[in-house]
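This is what each chain is made of:
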Protein chains: 2
Amino acid sequence: MSREKSNPLKSLFEPGNFAVIGASRDEKKIGHAIVRNLLKGGFKGGIYPVSPKSGEILGMKVYADIREIEDEIDMVSICVPSGLCLEAVRQCSEKRVRNIQIITSGFSEVGNNRDEEEMVAIAKSAGSRILGPNIFGMYCGASSMNSTFSATGINPGSVAILTQSGALGIAMIGKTAVENMGLSAIVSLGNKSDIDEADLLEYLIDDASTRVIMMYIEGVKKGERLIRMLKRTTKEKPVIVIKSGKSKRGAMAAASHTGSLAGSDRIFDSIMKQMGVLRADTLEAAFDWAKFLSICPEPGGDNSVIVTNGGGIGVLATDACEKFGIDLYDNQDVLKSVFGPVTPSFGSTKNPVDITGGAMAGDYRTALSAPALSGEMNSTIALYCETATFDSENLAPMIRETFERHLAANKPIAYAAVGGESVEKAMALLRRENVPVFSDVEPAVSCLGAAYRFYRYRKEPIEPYCKPDINAGRINEIVDSVIADGRNSLLAAEGREVMIAAGINVPKSGIAKNIGDAVDLAESMGYPLVMKIVSRDILHKSDAGGIALDLENRDDVMHAYEAIIHNCRSYRPDASIEGVELAEMAQKGVEIVVGAIRDASFGPVVMCGLGGIYVEVMKDVSFRSFPLSVNETMGMVRELRSFPLLLGVRGEQRKDIEGVVDAIIKLGAILKSCDRITDMEINPLAVYEQNSGLKALDVRILVKNPKEDRT
Amino acid sequence: MSREKSNPLKSLFEPGNFAVIGASRDEKKIGHAIVRNLLKGGFKGGIYPVSPKSGEILGMKVYADIREIEDEIDMVSICVPSGLCLEAVRQCSEKRVRNIQIITSGFSEVGNNRDEEEMVAIAKSAGSRILGPNIFGMYCGASSMNSTFSATGINPGSVAILTQSGALGIAMIGKTAVENMGLSAIVSLGNKSDIDEADLLEYLIDDASTRVIMMYIEGVKKGERLIRMLKRTTKEKPVIVIKSGKSKRGAMAAASHTGSLAGSDRIFDSIMKQMGVLRADTLEAAFDWAKFLSICPEPGGDNSVIVTNGGGIGVLATDACEKFGIDLYDNQDVLKSVFGPVTPSFGSTKNPVDITGGAMAGDYRTALSAPALSGEMNSTIALYCETATFDSENLAPMIRETFERHLAANKPIAYAAVGGESVEKAMALLRRENVPVFSDVEPAVSCLGAAYRFYRYRKEPIEPYCKPDINAGRINEIVDSVIADGRNSLLAAEGREVMIAAGINVPKSGIAKNIGDAVDLAESMGYPLVMKIVSRDILHKSDAGGIALDLENRDDVMHAYEAIIHNCRSYRPDASIEGVELAEMAQKGVEIVVGAIRDASFGPVVMCGLGGIYVEVMKDVSFRSFPLSVNETMGMVRELRSFPLLLGVRGEQRKDIEGVVDAIIKLGAILKSCDRITDMEINPLAVYEQNSGLKALDVRILVKNPKEDRT
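Within each chain, residues carry numbers counting from 1 in the order of the written sequence. Numbering of ligands from 1 and lettering of chains from A proceed in the order in which they are written. Residues qualify for local features only when their pLDDT is at least 70, as the model is predicted, and side-chain atom pairs are given and counted only at 80 or more; totals for whole chains, interfaces and linings, by contrast, use all residues. The side-chain values count all of the structure's non-hydrogen atoms but skip hydrogen atoms and water molecules.

(A) A look at the overall build of chain A. Under the DSSP-based scheme used, a helix requires at least four consecutive residues in state H or I and a strand at least two consecutive residues in state E, with every element numbered from the N terminus. When helices and strands are tallied, chain A shows 25 helices and 30 strands. The C-alpha extent of chain A, read off along each of the three principal axes, is 95 × 80 × 45 Å. Burial here depends on accessible area, computed with a 1.4 Å probe over protein chains only, as a share of the maximum for the residue type. Under 20% is buried, over 50% is exposed, and the range in between is partly exposed. Within chain A, the fraction of its 711 residues that count as buried is 59%. Per-residue and other accessible areas follow the Shrake-Rupley method at a 1.4 Å probe size, with only the shown protein chains counted as cover for residues. With an accessible surface of roughly 28000 Å², chain A has 50% of that area assigned to carbon and sulfur atoms. Distance from the positive charge centre (81 side chains) to the negative charge centre (93 side chains) of chain A: 4 Å. Counted charges follow a simple rule, with Lys and Arg positive, Asp and Glu negative, and His plus the chain ends left uncounted. A charged residue contributes its charge at one atom only: NZ of Lys, CZ of Arg, CG of Asp or CD of Glu.

Quick look at the structure:
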């Protein structure tokens, strides 16, 4: 019962009794296929076909109505036409079934949101959960439940697949059979009207049979919850994501295909990285990684050794190691003593270790056993080019044996072999035996790279989120007054006040209503100063001649005041002029941009990037979901290509990176503390040398009255 | 005879008579394998085994000495131990054989350059060419010549492979058999002591049986000639290159493996792009592209249409199209009228066209025939997800038929099918039939992308190289004096003089030896000005207090002069001070960097990039081999991520892009006109608005006395 409680969806994956509404004797119908697949798959619970046509289906009694069934029902599959679904859900809720999978399509994916929402509401009132609609069903290895209408003969195993695309999901099941990849579960998510990825992850985290989770995603709805679940999951087991809609046009196609907003792929990508999710660009890569991670041990340390019989592919593998972030083992003495005995003089014991084209199976056995036995080497990349001397018959046994040795030593190894028919045959055979072999260098190294990314993420300590001390009350007051004023953006002075309330440094400034005040203010602030017109009628201050820079003394201030007032009066005689603003002329520093937005999919998201004019051009920005720990925020700053500017280039001092981290966290906290703020950006944020702090030179804050959403 | 003349290596690929020095009766020996492979491969010319042990090999008379053979010999394979090779080459040159392939290893690849150079010299004196040493031989389809020691049963076809790696080459032959990819030729290049890629390309350009050329390269020696040959070749047929050593560590490994300097991969990459070469990162991609380009027609126009039965993979393909630069056909009216009849209401006639999971073979036939027949659509990407409704038996016939239709219409099509055993079987069958089918979306789209890159490059008109008018005489004078002075870099003033001689704008400047001169000079130049100390004893001018900025009038000039002299005297009392330099204080502009270097592999190479501090940090630079046309140079500027800065962002005016192009071409011309210059860089080059020109603010020129190389 305690496990039941911690896994609210246990009854979905491992139901006691399963009813099929719309069951059919017609073999071509979905309502038949599901009953058949449940039966043939050896489902451990009871199966209850429901159909107005009574009698038997595949030897099982048919019930006219689900409410007639006396036993408790944990799971129902609805496969009646869309017009009948609402009534079916109603009957299920009367019967108090726990989970309903709705196969039928024709709901929100074609714009029919109303019926979908009603089904969810009805189910919710009875405490039932809905999977779908618009799905092909699901499979669970633990309960031998195959409630799909398509796939037969799914192999049980340790990979769980969650897919938003039905067509691709069915095709993926086929692919798992080809690859001999066993599944612990596959779930078709469809329209995600109720159950989504986060719910399923909650079950899979604790599911002992699931070692790796693979998800195909097109769009995310409740992103904040998904983030929380991913964060927990990836500390336990690897999660691989394929998300389509990476390109602009692809995102449009995805939106029109799923009926949901696709959101920014950059943000999605950053958040997946933050959560330790392994994102694959292609189906092949996702399958390769899933299989590799399900069969290979985790690396115990950071380095790897490449063993090859061909210099060329050794170099290709070295390139791939850099691409996929794998460090090569580098102790030349150990390499020489370990690999020397099997390496001819024209080979190389440097890593990549080239045992040359003359290497026989025995040489490979010796060479590949070394890293398994070594106390220092953590993983192995084994490469083979077909040669005239190596008898291909010996290839598979050699690989099998050295793989076993690595398994015994609890170390990962990836093999790549390039050659003709006999090599390919050996590879195909070994793949079926779940030995990690590949026909090209890059996929092998890419798999090991995925293992390392997972390993490194898991190793990172979990740190508490930062809760900076900001004056939330004052911020909300400012925003309230802006909304009361009917505006959706803050004036510069208001933006600065928000910064001050959050403890983010801004240049000193003040407003003067006449020339005397201006001089007094200037004298109290110190020089150099900037003067700007304050008038809600003048939007483009420079065009109006309303800005003066570099004011160095009281004379400059007086001249500037007169000139600005004169310019603005002639620019727009009817303008109401409230005075001038005097501000400290800030030193340049390194200009970066930091921001926070409320993402439609993921909620509060912070960003930073190379600032000024470069943010648009170089697009050197990184994103993270908020809240954040200090280290996570550091990671986001370090990720910038322009990070060396903050470290100090050309002999410059290191900049106040801690200050940048603090500013990012404070922006996130402001957003969290005031739900009317939708978008904030400091651009530029001038960053000075360490301990000299930083200054928010320009602040833009957008707000929205949440009440407006409802009108 | 005329063809013979235009293809100096015809006798290598299609020799009349072939002798094997080191022929053997021992089946395990290379000298046996080569004779056997020539014989079994059905070589069209005569075969002459040469060995001190007389008698017969495989029924053929053995000659004790090549000089005993009465017939003319076009080609010899030497496979005696390395110690005997020199004598064998001597005998060959006496016999005046035309081509010698030296299988034997143990020469420059292990540091034995002397013997290798001597063999080349001997051969050269007799007009013979050498292939190798350290190779596995070669194959030519036209002459049915298999002179490799490893591969039997190579299929003739239309792909030519040139490989610097022997091990990988042999493995690649195996792979071609698996893929059923026919070869027109495969040549093992080994140490490239004489014959290199450029020589072989010269033959392959005109070789009618070769449609596609694939090269595996580790390092380039005579790059300038390779560039010239590539430029000619890629206007005729696609060239695919795999080059290892992309990463820093990979480059080191390649250098130690081949004994040659690897050179900068960035430069290699840029030049390959410039020459229209398709660079593949993986063996799989290279093979996929080679096969696709050898079996599919070229596209006749820029757009493509995606047809799918699954929305998910449709979106993945759309993403891949953006990645690989494929434009999607976009006329909604035509799409609707063409695909409407086979697209259900819940599908989509927008591109990607989703004919939905219910699509049967007939629907696919109709949908995939449409682009073939259309006057507007130029190519097709056909996707299939295995479904329960589509009978897999119909898959292969449908694909065959629609592929034929595309061939008949002279349009390319790429298929990707995801599914289980029966789908994979159909794919394997079709692959053997040379139908372009793939098991994942990305490789299919990547192939079509390669076809488009080739198509677009071929379409670009060939333009004349720019020959800018520069004063080469003056530049050489300046450099001569620097070398005479024993220096290897130019002083700032000398660099400016070179710029002036080339017609590149520099800030006005002059040198003053006393305070009076300084004031006169300043008054004649106008303000604002910068003043700098001129002293060869003071390297770091700012540290010495030897720089003054923002001089706005004669008073400023006088004060600055006194201050600088005072500072420098106290900084280094013994410094010999020649005076001060006064220079115009140039406006900021967009700062870029342009340069020209003499690359060890490729000769004159020019570069440009985002300048100032950003060039190191953002590494936003592009390279080209020089000489260049205006359009090629524009392409190199446009390639920069920071190019929008030159176009003008945030309402700024377009900058003088033509001036940048001109400056790059002039730097290349300077390098070409003076062989003592090794390295030039203008950083920053301030670029102003169009027609306001640009200014070289800082010029760095390195020189080297070419005579020093010989000592």
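(B) Spatial organisation of the nonpolar core. Nonpolar cores are built from buried Ala, Val, Leu, Ile, Met, Phe, Trp, Tyr and Cys residues. Side-chain atoms within 4.5 Å join them into one set. Phe13(A), Ile240(A), Phe13(B) and Ile240(B) are the most contacted members of the largest nonpolar core, which has 297 residues in total. Those residues within four positions of Phe13(B) in sequence are excluded, and the remaining contacts are Met138(B), Cys140(B), Ser143(B), Met145(B), Ala185(B), Val187(B), Leu200(B), Tyr203(B) and Leu204(B). In terms of nonpolar packing, the next biggest core, distinct from the first, is built from 109 residues, Val637(A), Ile657(A), Cys608(B) and Leu694(B) among them. Only heavy atoms matter for contacts: two residues are in contact if any of them lie within 4.5 Å across the pair.

(C) Local environment of the domain arrangement of chain A. All the domain ranges listed were derived from an automatic or database domain assignment. Along its sequence, chain A is carved into domain 1 (3-210), domain 2 (297-459), domain 3 (472-584) and domain 4 (590-703). Centre-to-centre separation of domain 1 of chain A and domain 4 of chain A, based on C-alpha positions: 45 Å.

(D) Looking closely at the relation of the copies chain A and chain B. A least-squares fit on C-alpha atoms brings the copies together, and the residues used are those whose pLDDT is at least 70 in both copies. Between chain A and chain B, which share one sequence, the superposing operator has a rotation angle of 180° and an axial displacement of 0.1 Å; the RMSD is 0.2 Å. The symmetry that links the two subunits is that of a two-fold axis. No C-alpha of chain A lies nearer the rotation axis than that of Met618(A), which sits 4.4 Å from it. Both copies contact each other with a shared surface, as 100% of the interface residues of chain A are interface residues in chain B too.

(E) Main features of the packing of helix 11 (residues 283-295) of chain B against helix 17 (residues 441-459) of chain B. Residues and elements named next belong to chain B. Orientation is described by axes fitted as lines to C-alpha atoms, over the contacting stretch for helices, and by angles from 0 to 180 degrees between their N-to-C directions. Direction vectors running N to C along helix 11 and helix 17 enclose 60°, while the axes themselves pass 9 Å from each other. Taken together, the axis directions place helix 11 and helix 17 in an arrangement best described as oblique. Viewed along their axes, helix 11 and helix 17 form a crossing whose handedness is right-handed. Taken together, the residues of helix 17 that come into contact with helix 11 (itself represented by Asp 288, Trp 289, Phe 292 and Leu 293) are Pro 443, Ser 446, Cys 447, Leu 448, Ala 450, Ala 451 and Arg 453. In these notes the angle categories are as follows: under 35 degrees is roughly parallel, over 145 is roughly antiparallel, 65 to 115 is roughly perpendicular, and the rest is oblique. What makes a crossing left-handed is the near helix being turned counterclockwise from the far one by less than a right angle; a clockwise turn instead makes it right-handed.

(F) Spatial organisation of the side chain of Ser24(B). All names here are of chain B. Structurally, Ser 24 is set in the loop between strand 1 (17-21) and helix 3 (30-40). Here Asp 26 takes part through its backbone nitrogen, which lies 2.9 Å from a polar atom of the side chain of Ser 24. Not counting residues up to four positions away in its chain, the partners in contact with Ser 24 are Lys 29, Gly 31, His 32 and Ile 57. Counting of polar contacts relies on pairs of N or O atoms within 3.5 Å, with two restrictions inside protein: one atom must be capable of donating a hydrogen and the other of accepting it, and residues adjacent in sequence are counted only when both atoms are side-chain atoms.

(G) Broad picture of the packing of aromatic side chains. Each Phe, Tyr or Trp ring (for Trp, its six-membered ring) is paired with any other whose centre lies within 6.5 Å, and the angle between the two planes then decides the class: stacked below 30 degrees, edge-to-face above 60, tilted in between. One pass over the full model with this rule turns up 16 aromatic pairs over all chains. Considering the side-chain rings of Phe13(A) and Tyr203(A), the 3.9 Å spacing of their centres and the 5° angle between planes classify their relative orientation as stacked. Placement of the pair is Phe13(A) in helix 2 (residues 10-13) and Tyr203(A) in helix 7 (residues 197-206), with a sequence separation of 190 residues. The burial state of Phe13(A) is the same as that of Tyr203(A); both residues are buried. Ring centres 6.0 Å apart and planes at 80° place the aromatic pair Phe18(B) and Phe43(B) in the edge-to-face group. Placement of the pair is Phe18(B) in strand 1 and Phe43(B) in the loop between helix 3 and strand 2 (46-50), with a sequence separation of 25 residues. Under the relative-accessibility criterion, Phe18(B) is labelled buried at 0%. Criterion for a charge above a ring: Arg CZ or Lys NZ at most 6 Å from the ring centre, at most 35 degrees from the ring normal. A cation over a ring is seen here: Lys243(A) above Phe268(A), with NZ or CZ 5.0 Å from the ring centre. Sitting over the ring of Trp289(A), Arg453(A) keeps its end group 5.1 Å from the ring centre.

(H) The arrangement of the interface of chain A and chain B in detail. Contacts between the two partners involve 75 residues from chain A and, on the opposite side, 75 residues from chain B. We count a salt bridge whenever a side-chain nitrogen from Lys or Arg sits within 4 Å of a carboxyl oxygen from Asp or Glu. Across the pair Glu421(B) and Arg432(A) runs a salt bridge, and its minimum N-O distance is 3.3 Å. On the surface where chain A and chain B come into contact, there are 22 residue pairs in polar contact (both at pLDDT 80 or more). When contributions to the side of chain A that touches chain B are tallied by element, the ones reaching two or more residues are helix 6 (166-178), strand 13 (239-243), helix 9 (248-258), helix 11 (283-295), helix 12 (311-323), helix 16 (421-432), helix 22 (614-618) and helix 24 (643-647) of chain A. Top element by residues in the side of chain A that touches chain B is helix 12 of chain A. It accounts for nine residues. Lys, Arg, Asp and Glu make up the charged group, whereas Ala, Val, Leu, Ile, Met, Phe, Trp, Tyr, Cys and Pro make up the nonpolar group; the residues left over, Gly among them, are polar. For the side of chain A that touches chain B, the per-class residue count stands at 30 nonpolar, 21 polar and 24 charged.

(I) Seen up close, the pattern of salt bridges. According to the stated counting rule, one finds 86 salt bridges over all chains in the structure shown. One salt bridge connects Arg458(B) with Glu298(B), and the closest N-O pair in it is separated by 2.5 Å. Residue Arg458(B) is located in helix 17, and its partner Glu298(B) is located in the loop between helix 11 and strand 15 (303-308); the two are separated by 160 residues in the primary sequence. Relative accessible area serves as the criterion here: at 31%, Glu298(B) is assigned to the partly exposed category. Each of Arg129(A), Asp194(A), Asp199(A), Glu202(A) and Arg225(A) takes part in a single network of salt bridges with overlapping partners.

(J) Spotlight on a positive patch on the surface. What goes into a patch is any residue over 30% in relative accessible area without a salt bridge, connected to like charges within 9 Å or, for nonpolar side chains (Val, Leu, Ile, Met, Phe, Trp, Tyr), within 5 Å. On the surface, a cluster of positive charge is contributed by Lys248(A), Arg266(A), Lys273(A), Lys619(A), Arg641(A), Lys248(B), Arg266(B), Lys273(B), Lys619(B) and Arg641(B). Sorting the residues of the positive patch by element identifies helix 10 (265-274) of chain A together with helix 10 (265-274) of chain B as the ones contributing at least two each. Tracing the backbone through its elements, the reader meets Lys619(A) in the loop between helix 22 and strand 27 (621-625).

(K) Examining the sheet that holds strand 21 (residues 509-512) of chain B more closely. Residue and element names in this part refer to chain B. Strands qualify as paired when DSSP identifies two bridges or more between them. In space, the four strands of this open sheet follow the order 21-24-22-23, with antiparallel pairing throughout. Looking at the sheet topology across the chains shown, the edges are occupied by strand 21 and strand 23 (547-551). If you compare each strand with its neighbour and ignore which way they point, the axes differ by 20° on average. For strand 21 and strand 24 (residues 579-584), the ladder comprises four bridges, and the chain directions are antiparallel. Residue Ala 512 lies in a different strand from strand 24, and its bridge partner there is Val 580. The sheet contacts of helix 20 (residues 515-525) involve strand 21, strand 22 (529-534) and strand 24, and relative to strand 21 the element is tilted by about 165°.

(L) The arrangement of helix 21 (residues 554-571) of chain A in detail. Any helix carries an expected span of 1.5 Å times its number of residues minus one. Here helix 21 of chain A contains 18 residues, and its C-alpha end-to-end distance of 25 Å stays within 8% of the 26 Å for a straight helix at 1.5 Å per residue. Among the structural elements, helix 20 (515-525), strand 22 (529-534), strand 23 (547-551) and strand 24 (579-584) of chain A are those in contact with the buried residues of helix 21 of chain A.

(M) Region of interest: the confidence of the model for chain A. For chain A, the mean per-residue pLDDT works out to 92, and 97% of the residues sit at or above 70. This complex was scored by the predictor with a pTM of 0.91 and an ipTM of 0.90. For every residue, the predictor states its confidence as a pLDDT score lying anywhere from 0 to 100.

(N) Spotlight on the packing of helix 12 of chain A against helix 17 (residues 441-459) of chain A. Residues and elements named next belong to chain A. For the pair helix 12 and helix 17, the least separation of the axes is 9 Å and the interaxial angle reads 35°. Viewed along their axes, helix 12 and helix 17 form a crossing whose handedness is right-handed. From helix 12, Ile 313, Leu 316, Ala 317, Ala 320, Cys 321 and Lys 323 reach across to helix 17, where they touch Val 441, Glu 442 and Val 445. Of the residues that constitute the contact of helix 12 with helix 17, the class distribution is seven nonpolar, no polar and two charged.

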